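Working through the structure, step by step
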Amino acid sequence: MSHSSFRCIVSVFFVLALPLTKVAAQDSLRPLDGVRVGIDYRPGVRPTVVVLPGRGLDSARAILTRDLEYSDRFDVIALGPQDSSAAAANAGGWTVNYSLFRTLGAEYAVELAPDGVGTVVRLHDITAGAMRHDQRFALPAAFDAGFRMAVHRAADEVVRWITGTPGAAASQLLFLVDRKLYRVDSDGAGVTQLSAPGEDILSPAWSPDGGRIAYTRFGAGVGSIVVQALGSGQRTTVPGTTTALNITPAFSPDGRTLAFARSSEEGTDIYLADIVQNCCVQRLTAGRYSDNLSPTYSPDGRRLTFVSSRAGQPQIYMMAADGTDQELLAAFDYGATGNSSAPEWSPDGAGVAFHRDVNRVPQIFILDVATRRIRQLSSAGRNEDPTWAPDGRHIAFVSDRSGRKQLWVIDVLTGRIRQLTFVGQVRLPAWSRRLAAPASGTN
Amino acid sequence: MRSPSRWVLLSLAAALSAACGSKQAPEQPAPQPTAPAPTAPAPLPTPAPAPAPTAPTTDVGAAAAAARVTAAVLAEVGTVVHFDLDESDIRTEDRAMLDRKAALLSANSGLRLIISGHADERGADEYNLALGNRRAGSVKSYLGNKGIAATRLEVVSYGEERPVSMGHDEDSWFQNRRAEFEVTTGGSNLRLP
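Read on for an overview of the structure. (Residues numbered from 1 in each chain as written. Chains lettered and ligands numbered in written order. Predicted model: local features only at pLDDT ≥ 70, side-chain atom pairs only at ≥ 80, totals over all residues. Heavy atoms only, no water.)

**Quick notes on the overall build of chain A**
Per the secondary structure count, chain A includes 5 helices and 29 strands. Residues classed as buried in chain A amount to 56% of the 443 residues present. Taken as a whole, chain A presents about 18,100 Å² of accessible surface, with 52% of it coming from carbon and sulfur. (Helix = DSSP H or I, 4+ residues; strand = E, 2+ residues; numbered from the N terminus. Buried < 20%, exposed > 50% of the residue type's maximum accessible area, 1.4 Å probe, protein only. Areas by Shrake-Rupley, 256 points an atom, 1.4 Å probe, with all protein chains shown as cover.)

Here it is, written out as C-alpha cells:
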C-alpha cells in the first residue's frame, strides 16, 4: 500500500477500518458522527538506533537518547549493564564491534566521546559497517545554562544525518499558567517564568528566529501587545495597541510585521503593524459585528489563516497577507459543525492545525491545505490550542486527559503521544522554531 | 374579595367532594405566581413621588431619602445581563431591565458606565475575549438605541478570565455569560426617572 493511498483512507471522506493495532495505546480513537478519526500512519520500519555507552558524558548521552526517542523516527535501543563490556571495548579505541550491534538489531550507533574541551559525536552505519559522520560539538559544562540546548542541537544533527531532516529538540515552548508566562524546553526540562509578578499575560507568540516574543499584556480592560527581546529583555509596545483589547499577535516569517486582532465596539478585526519602523498600522478585515482574530502566517509569508465568526460561528478562514481574497478554509456545516479556533500554519506550509468542537468538546484537527481535507487527531478528553514543532510532524496542545490541563505532544504521523508539562493548569502554548546557538553575550 | 374564577374553583371543589362521597376534598391548588420570580432587585415604585421642594421635611430625613434613592438607582444600574451560549444578542427577558437602565441613565445625565462583557469557560480562550467584547458592545448598542450617548458608555471585555461562578455546569456557565456595569463617574445624588 502506497503512502498516498493510505492517507486517502484515513482522510475524512473515506470510511474504512483502520489498523488500530498500529496506533494502540496512544489516543483512544473512536469514530464520531460524520468524521473520520484517524492517524496518518506511514507504514514502514523505523531505523533502529543504539546510543553507545562510554566514559563520562552521562547526562549528554541521556539527553541525546531521549531526544532521539522523542523524535519518533527511530526505535532506540537502551543498552543494559550486560552490554557494557561490548561498549567498553570500543570506548577507548574507536573501533565499533559492528557485528555485535548487528545482532542487537541496530542499524545505527551514536557515539559520544570527549575531545579536548568539546565533544565528538559520531554516527556509525552498522549495516554498512562504517562511520558515516564525525562532528565536534562545543558542549558547555553540564552545569552551564546552555548545556541542555547544546546537546539538543547535537541530537537534531544526528537525526538529520540519519533521516535527512533535523530533529526538533533544540526548541522551546511558551505557555501560560494563571496568566503568567512560562517557557519550557521541548523535552519538558527547564520550566522558567518569564513574566513579572503581578503581570497578566495572554496570547504568547515567538518571532521566527526565536530572539523575540510577543504577547498581550492585560489589565483593566486594556490589552496591549508587547514585543520583548529575550536577550536584552527590552520591551516595545506595538503601535496602535495602547488602548482597547489587542490579542493574538503573530510575527511574519521575515520578523518585520506583526499581525494581531483588535477589538472595537463593532467587533474584532485583524491588523498589521510594522515592528521595524514601529508604525503604519493597517487593517485587514472589516467584519462589522463579527470577530476576526488569531492570524497565523504561511511560512512563505504570503497568506494568513485566521478565525472569523462572519458566518455566525467561529470558523477557520484564509486571506492573502494584504487582506484580499478572504475565503473559508476549513469547510463546515452550519449548525452541525462545532466552533473552530486557534489555527496555526505548519512550518512546511502543507497543513493548518486547529481545534474544533465535536459534541461541544474541542478536539485537534489538521487541514491539508492543498486538498482542504481535514482529519481529527485527538479524541481523549478536551484538546485545544495546537502548536507545531519545528519539524512539522509534532504538535503540542492543551489536554485535560490527565485530569487537569497540561501540554501534550503528539506525533502526527504515528499518533504517539507524551505529556510535556506537569505544572498548574496550562494553556495557550506556542512552539518556537529551531533555536540557533546564541551569539556570545545575548540570550 | 370574590372573583368569578374563585367562585368557579369553589363550585368545582364542592362538586368534586360531592361526587367523591366520603373521600377527602381535593387540596386547593397552590396559587400560581402571575409573574416569574424577579431575578433583579425588586423594582422601585416607578414614578416615585418626588418630595415637593417646599414640603417641610427635616434635612436629615431628606438626606437619608436621597441616599436611599441613589443606592436604589445604583443597584438597578448594576444588575447583570446574561446571554445565551455563543450569543451576543440581548435576550427578550433582559429587555425590560435594559429599558429601565436606559431610563435611569436618561434621568441622571452625569452617570457614566463601563460595560464589561464576559464568557463562560467553554470555547477558545481568545475567542471568548472577542465574544465578551461583542456582548458588551451589544448592550451599549441597545442603550444607544434608547438615546444614551455613546460617550457615556465604555466597553471592555474580560472573556473567560473573570468568572463569578467556579462550577463546571450549566448554571455556572449561565452566571458567567454576562455583561456587568460599573459606574465610573456621576454616581452620587442620583434621581429616579
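And the narrative resumes.
**Comments concerning the interface of chain A and chain B**
Counting residues at the interface gives 27 residues for chain A, matched by 21 residues for chain B. Summed over both partners, the interface of chain A with chain B buries about 2,100 Å², with 51% contributed by carbon and sulfur atoms. For the interface between chain A and chain B, the tally reads 5 salt bridges. Between Lys140(B) and Glu265(A) there is a salt bridge; the shortest N-O distance is 2.8 Å. For the pair chain A and chain B, the number of links is 8 residue pairs in polar contact (both at pLDDT 80 or more). (Contact = heavy atoms within 4.5 Å. Buried area = accessible area lost by both parts, 1.4 Å probe. Salt bridge = Lys/Arg side-chain N within 4 Å of Asp/Glu carboxyl O. Polar contact = N/O pair within 3.5 Å; in protein donor to acceptor, adjacent residues only side chain to side chain.)

**A few points about the sheet that holds strand S29 (residues 426-431) of chain A**
Overall, antiparallel pairing links the 4 strands, which are arranged S8-S7-S6-S29 (chain A) in an open sheet. Of all the strands in the sheet, the pair left with one neighbour each is strand S8 (192-193) and S29 of chain A. (Pairing = 2+ DSSP bridges.)

**What about unusual backbone geometry?**
Residue and element names in this part refer to chain A. Notably, Thr 248 is not glycine yet its phi reads approximately 50 degrees, a positive angle. For Thr 248, the position within the fold is in strand S13 (residues 245-251). Since its relative accessible area comes to 5%, Thr 248 is described here as buried.

**Description of the nonpolar core**
Core analysis: the biggest nonpolar cluster contains 40 residues, and Leu181(A), Trp206(A), Ile213(A), Leu293(A), Phe354(A) and Leu367(A) have the highest contact counts within it. The leading source of residues in this core is helix H4 (residues 125-145) of chain B, at 4 residues. Those residues within four positions of Trp206(A) in sequence are excluded, and the remaining contacts are Gln172(A), Leu173(A), Leu174(A), Arg183(A), Arg212(A), Ile213(A), Leu230(A), Phe251(A), Ala430(A), Trp431(A), Ser432(A) and Leu435(A). (Core = buried A, V, L, I, M, F, W, Y, C linked by side-chain atoms within 4.5 Å.)

Remember that the coordinates give geometry; whether it matters functionally is a separate question.
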